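Topology and contacts: notes
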Amino acid sequence: GQLGADDLIDGLGDEAGFYVVRDVAQPGPYSVIETTYTFGSFRGQNTFYPANISSLGEVPLIVVSHGNGHNYQWYDHIGQHMASYGYVVMSHENDTVPGIQTAAITTLENTDAFLGNLALIDGGVLQGHIDSSRITWIGHSRGGEGVARAYRRLLDGYSVQNYGPEDVKLVSSIAPTTFLSAQSTNVEDVNYHLWVGSADADVTGVSSQTHFYSLIERASGARTSITLQGA
């Protein structure tokens, strides 16, 4: 009388519930190429991709949105690592100074510009090799709240040409601010990931703007939270 349709049995469906994986802290099997270019104001992009991209078919895209006072070329640790596992990673210039709304727009527009201009990046090496239906957004600080706001704007009808809300499979926030209202950053049922340091609780002296867990509490889909104690 305890088991029902919602109970998960390993191996019952199309995907296993238990995996043995390599040490993912180590680099992946692929060497990585890094390239930097711009499509205009707040359209600077730093992209990482596997050197053998031509043989990998279509691979997922990770977009990184930096925080206020940071620089889009400071995220090599994410770009190099994830590209070595077969992803393409694009870190973009983010308009964070005015606030979260502008940061959200630069995330939306840089993702669209990247997908719409693949023929212009490194001689078109990425053309035909980006799976635009598998996009992850990772944001840091104001960018971390910005990616949640960007996804909310997509749900509310923000117009882009080369992807839609159904193509964003994961929204991930690194130590995000929480300036905006709950509704403005409600990502609903998209996969949502939050990673924070437990001691990182201050933005310009105002602790109320770093209620990290409010973002994950209002998400209604699959949710994952990582807290680094004492960091």
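Use the structure listed above.
Attention here is on the structure that accompanies the text. (Residues numbered from 1 in each chain as written. Predicted model: local features only at pLDDT ≥ 70, side-chain atom pairs only at ≥ 80, totals over all residues. Heavy atoms only, no water.)

Things to note about the packing of aromatic side chains
Applying the stated criterion across every chain yields a total of three aromatic pairs. For the pair Trp137 and Tyr163, a centre-to-centre distance of 6.2 Å together with 85° between the ring planes defines the contact as edge-to-face. Residue Trp137 is found in strand 5 (residues 130–140), and its partner Tyr163 is found in the loop between helix 3 (142–155) and strand 6 (168–174); the two are separated by 26 residues along the sequence. By relative accessible area, Trp137 is classed as buried at 0%. (Phe/Tyr/Trp six-rings, centres within 6.5 Å; stacked < 30°, edge-to-face > 60°. Helix = DSSP H or I, 4+ residues; strand = E, 2+ residues; numbered from the N terminus. Buried < 20%, exposed > 50% of the residue type's maximum accessible area, 1.4 Å probe, protein only.)

Quick look at the nonpolar core
For soluble globular proteins, nonpolar side chains are generally found buried alongside one another. Counting 46 residues, the largest nonpolar core has Leu61, Val88, Phe114, Leu126, Trp137 and Tyr163 as the members making the most contacts within it. Contact partners of Phe114, with chain neighbours within four places excluded, come to Tyr37, Gln45, Thr47, Leu61, Val88, Met90, Ile121, Leu126 and Ile130. (Core = buried A, V, L, I, M, F, W, Y, C linked by side-chain atoms within 4.5 Å. Contact = heavy atoms within 4.5 Å.)

Here's the deal with the sheet that holds strand 6
Judged by pairing direction, the sheet is mixed, and its eight strands sit side by side in the order 1-2-4-3-5-6-7-8 without closing on themselves. Of all strands in the sheet, those with a lone pairing partner are strand 1 (32–38) and strand 8 (223–228), marking the two edges. Neighbour to neighbour, the strand axes of the sheet diverge by 15° on average, direction disregarded. Where helix 1 (residues 76–83) meets the sheet, it contacts strand 1, strand 2 (44–50), strand 3 (59–65), strand 4 (88–92), strand 5 and strand 6, and its direction lies at approximately 30° from that of strand 2. Packed onto the sheet, helix 3 meets strand 3, strand 5 and strand 6 and runs at close to 135° relative to strand 5. (Pairing = 2+ DSSP bridges. Axes fitted to C-alpha atoms, helices over the stretch in contact; angles between N-to-C directions.)

Section: unusual backbone geometry
A positive phi angle, near 60°, is found at Ser141, a position not held by glycine. Looking at where Ser141 falls in the secondary structure, it is placed in the loop between strand 5 and helix 3. Judged by its relative accessible area of 18%, Ser141 is buried. Here the phi dihedral of Ala175 falls at roughly 40°; this positive angle occurs in a residue that is not glycine. Assignment of secondary structure puts Ala175 in the loop between strand 6 and strand 7 (191–197). For Ala175, a relative accessible area of 13% corresponds to the buried category.

Description of helix 1
Taken residue by residue, helix 1 has Ile78, Gly79 and Ala83 as its buried positions. Angular distribution of buried residues about the axis of helix 1 spans 105°; they occupy a single face of the element. For helix 1, the secondary structure elements touched by its buried residues are strand 1, strand 2, strand 3, strand 4, strand 5 and strand 6. (Arc of directions from axis to C-beta.)

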